[in-house]
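Close look at the chain arrangement
Listed here are the chains, written in short residue letters.
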Amino acid sequence: MKENNITVMIADDHVLLREGLKQILELEDDIDVISQAGDGEETVEKALAYKPDVILLDINMPKANGIDALRRLKDLGTNSKIIMLTIHDDREYLLETMKMGANGYVLKDSDADSLIKAIRDVKSGKTYIQPSVASILVEELNSEEADGSRDYRKVQALTKREYEVLTLIAEGLNNREIAERLFISEKTVKNHVSNIFKKIDVSDRIQAAIFAYKNNIKTI
């Protein structure tokens, strides 16, 4: 490993994808992959231990998703630059992850040159957004004002218990962990989660977490 090389950590729950990215990146003379992680909790631990220059962070991961890992790392004051890795279906998360401090956003089906450029750009202090999704930023910004009033009504529709469950979803807890935290059954949590999804109009836990971050929903 050369002294001035860009050090990279790959965080993704798919081993083959991690190994494939590692092989691609290490063909470059100025990039070294120094660590890998398979879930959000491991990502935070290894990021603090290895202090890579750049973290490639998958959004969909077990234990703690990439959104939660990003928030934790930023709260802990990491100096690592963070590039979100995602599939097309996750593009709606672009604006929120950038607001939370992500330095780049790359689709998993992009070519190797785009990823390498993203790594070099964020290491040099730039923000990298893959051109094919950059237009989403404009669309999201234009619709934010209208979304704000709709989101307020959605938040108001939540019961106190649903609000509590939503804050814990945003922390990355699963149903069993939420049940233990609130001293209720896992079945009750499952019912609350279903009701929350309907009321705030989301289809998965990551979207729910994004909604919570966007609307500053915190533990009471």
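Residues numbered from 1 in each chain as written. Predicted model: local features only at pLDDT ≥ 70, side-chain atom pairs only at ≥ 80, totals over all residues. Heavy atoms only, no water.

- The name given to the chain in an unreviewed UniProt entry is Two component transcriptional regulator, LuxR family, with Sporanaerobacter acetigenes DSM 13106 as the source organism.

Thoughts on the environment of T43
- Tracing the backbone through its elements, the reader meets T43 in helix α2 (residues 40–50).
- Of the residues examined, T43 reaches a relative accessible area of 0% and is grouped as buried.
- Taking the C-alpha atoms as reference points, T43 and M9, separated by 34 residues in sequence, lie 8.6 Å from one another.
- Reaching out from T43, the side chain makes a polar contact with the backbone oxygen of D39 at a distance of 2.8 Å. (Helix = DSSP H or I, 4+ residues; strand = E, 2+ residues; numbered from the N terminus. Buried < 20%, exposed > 50% of the residue type's maximum accessible area, 1.4 Å probe, protein only. Polar contact = N/O pair within 3.5 Å; in protein donor to acceptor, adjacent residues only side chain to side chain.)

A short note on the pattern of salt bridges
- Going through the model one piece at a time under the given rule, you end up with 15 salt bridges.
- Measuring nitrogen to oxygen at the nearest pair gives 3.0 Å for the salt bridge that ties K46 to E42. Highlighted residues: K46 and E42, both in helix α2, separated by four residues, approximately one helical turn.
- The exposure class assigned to E42 is partly exposed, which follows from its relative accessible area of 24%. (Salt bridge = Lys/Arg side-chain N within 4 Å of Asp/Glu carboxyl O.)

Topic: unusual backbone geometry
- Residues other than glycine seldom take positive phi values, yet F183 does so here, at roughly 60°.
- Phi at D201 is positive, roughly 60°, even though this residue is not glycine.
- Within the secondary structure layout, D201 lies in the loop between α9 (186–200) and α10 (205–214).

What about α10?
- α10 sits mainly inside the fold: eight of its ten residues count as buried.
- Taken together, the buried positions of α10 are occupied by I206, Q207, A208, A209, I210, F211, A212 and Y213.
- Looking one or two residues past α10, N216 carries a phi angle of roughly 55°, positive in sign.

Describing the nonpolar core
- L57, M84, L166, I178 and I200 are the most contacted members of the largest nonpolar core, which has 49 residues in total.
- Discounting residues that sit within four places of it in the chain, M84 has contacts with L57, I59, G66, L70, T97, A102, G104, Y105 and V106.
- Grouped together as the second largest cluster of nonpolar side chains are 18 residues, I6, V8, I31 and I116 included. (Core = buried A, V, L, I, M, F, W, Y, C linked by side-chain atoms within 4.5 Å. Contact = heavy atoms within 4.5 Å.)

A look at the sheet that holds strand β1 (residues 6–11)
- Reading across from one edge, β2-β1-β3-β4-β5-β6 is the order of the six strands in this open sheet, with parallel pairing throughout. Edge positions in the open sheet fall to β2 (31–37) and β6 (128–129), since each of these has one partner strand only.
- The sheet contact formed by strand β5 (residues 104–107) and β6 spans two bridges and is parallel. In the strand pairing of β6, G104 is matched with Y128. (Pairing = 2+ DSSP bridges.)

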